[in-house]
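Each chain, written out:
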Amino acid sequence: MNWKLAVIGDPIAHSLSPVIQGQIMEILGVSGEYKAVHVKAEELAGFMEYARENLHGFNVTIPHKGAVIPFLDEIDPYAQSCGAVNTVRIRDGKMTGFNTDGDGIRAALQQMGADFAGSRVALLGAGGAARSICRKALNCGAESVRIFCRNLEKGVLLTGGDSRGEVLPFSELSAENCGGWADIVINATPLGMEGIGQDFADFSFLDNGKPFVCDIVYKPAETNLLKACRERGITCKNGLDMLVYQAVYAFMHFTGLSFDPDTVARRIAADNPTQHSWL
Ligand code: NAP
């Protein structure tokens, strides 16, 4: 099989997906092509028609993660609950949507020795990525998910009415109700990201405990949040593992091939020891 795959978005030139998917194919000895395609909102319907006839699958990034849903024939229940699709599989003209961000963050946490099951999760932000993370944490048996966000209504939407969800204003991020409370802290805001020009005012919210911390931002490789974790001896990681694992799970959906995702993700990490060559 010669897999024909793509990623769509606007903008798309910055996407690391072609590099990662290329590495996955190389590691598995699978042949195919994976192209980045710049698709503007008004071009989406045309692309979907093209994809149905010509591709085996594609990834979806901003701003199309919700917009592709009406074009699909089927959607996986988790992706439906996220209101966002990042992976579309095409078989015999039938399009099925998935969202692999949740499996990506779960696997990334597991690599650190953390698990949503039975954990108290502090989630910073209430945007698209936070929604996928919140739904996965609740699905995987988190004891509670405390969302810190500026817009409380958005936070409430994330929990989907689950009684284990709690929403606090971002301004209430503190050692007492975050670092001292949580088993896992996940930053799903763009704070600290290169080019954003905004960062956390201070990192005292990490104090009073030793939670596992995952900053899903991956550029720079070490954000100030991660630096603050390192200085405090807190186990932490950036968003690259999540990015790699979501790609590995997407490839499984595209192809139906069965392989050990950890082996492939570890090979990718080993082939990019500093990770900086990507960033
Ligand atoms: P998004 O939908 O725009 O959501 C961003 C969230 O951050 C919103 O809740 C927003 O609050 C909040 N926020 C923004 N600036 C803030 C500030 N100054 N103070 C407090 N909260 C703030 O973005 P997204 O798609 O979820 O992505 C979020 C970050 O995750 C990005 O940096 C993205 O690159 C990264 N990401 C990484 C991966 C990965 O695989 N590692 C995957 C997806 C995303 P409002 O709603 O109030 O604006």
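Treat the numbers as computed from the prediction; the structure is a model and nothing was measured.

Peer 1: Which residues make up the overall build of the chain, and what values do they have?
Peer 2: Within the chain, the regular secondary structure consists of 10 helices and 12 strands. Here the C-alpha atoms of the chain give a radius of gyration of 18 Å, agreeing with the 19 Å that 2.2 N^0.38 yields for 279 residues. Working note: accessible area of the chain is about 12,300 Å², and carbon and sulfur atoms make up 49% of it.

Peer 1: Now, about the sheet that holds strand S7 (residues 120-124): what can you tell me, with residues and values included?
Peer 2: As a general point, the strands of a sheet are linked pairwise by backbone hydrogen bonds and lie either parallel or antiparallel. The 6 strands are arranged S9-S8-S7-S10-S11-S12 in an open sheet whose pairing can be described as parallel. Of all strands in the sheet, those with a lone pairing partner are strand S9 (165-169) and strand S12 (236-237), marking the two edges. Here 4 bridges tie strand S10 (residues 184-187) to strand S11 (residues 212-215), and the two strands are oriented parallel to one another. The residue bridging Ile186 from the neighbouring strand is Cys214, located in S11. Against the sheet, helix H4 (residues 101-112) engages S10, S11 and S12, with an angle of about 140° to S11. Relative to S11, helix H8 (residues 224-231) is tilted by about 160°, and along the sheet it contacts S10, S11 and S12.

Peer 1: Kindly report on the pairing of S9, identifying the contributing residues and their values.
Peer 2: As a general feature of sheets, a regular strand has side chains that alternate between the two faces. Taken together, the 5 bridges between strand S8 (residues 144-149) and S9 define a ladder with parallel strand orientation. By the bridge assignment, Ile147 is partnered in S9 with Val167. One crossover worth recording links S8 to the parallel S9 by way of helix H6 (residues 152-159), and it is right-handed.

Peer 1: Talk me through the nonpolar core; I want residue IDs and the actual numbers.
Peer 2: Counting residues in each nonpolar core, the largest one holds 27 residues, and the members touching the most others are Ile20, Ile24, Phe251, Val264 and Ile268. Here the element with the most residues in this core is helix H9 (residues 240-255); it accounts for 11 residues. Val264 has contacts with Ile24, Ile27, Leu28, Val248 and Phe259, leaving out every residue within four places of it along the chain. If you look at the next biggest cluster of nonpolar residues, it comprises 26 residues, including Leu109, Cys140, Val145 and Ala188.

Peer 1: Describe the packing of H9 against helix H10 (residues 261-271), and please don't skip the residues or the numbers.
Peer 2: Two packed helices can be described by the angle between their axes and the distance between those axes. The contact between H9 and H10 brings their axes to 10 Å, and the two run at 130°. Classified by the angle between their axes, H9 and H10 sit oblique to one another. In this structure, H9 meets H10 at a crossing whose hand is right-handed. Taken together, the residues of H10 that come into contact with H9 (itself represented by Val244, Tyr245, Val248, Tyr249 and Met252) are Pro261, Asp262, Val264, Ala265 and Ile268.

What counts and what doesn't
Residues numbered from 1 in each chain as written. Predicted model: local features only at pLDDT ≥ 70, side-chain atom pairs only at ≥ 80, totals over all residues. Heavy atoms only, no water. Helix = DSSP H or I, 4+ residues; strand = E, 2+ residues; numbered from the N terminus. Rg over C-alpha atoms; globule rule 2.2 N^0.38 Å. Areas by Shrake-Rupley, 256 points an atom, 1.4 Å probe, with all protein chains shown as cover. Pairing = 2+ DSSP bridges. Contact = heavy atoms within 4.5 Å. Axes fitted to C-alpha atoms, helices over the stretch in contact; angles between N-to-C directions. Right-handed = clockwise from strand over helix to strand, strands pointing away. Core = buried A, V, L, I, M, F, W, Y, C linked by side-chain atoms within 4.5 Å. Buried < 20%, exposed > 50% of the residue type's maximum accessible area, 1.4 Å probe, protein only. Parallel < 35°, antiparallel > 145°, perpendicular 65-115°, else oblique. Left-handed = near helix turned anticlockwise from the far one by under 90°.

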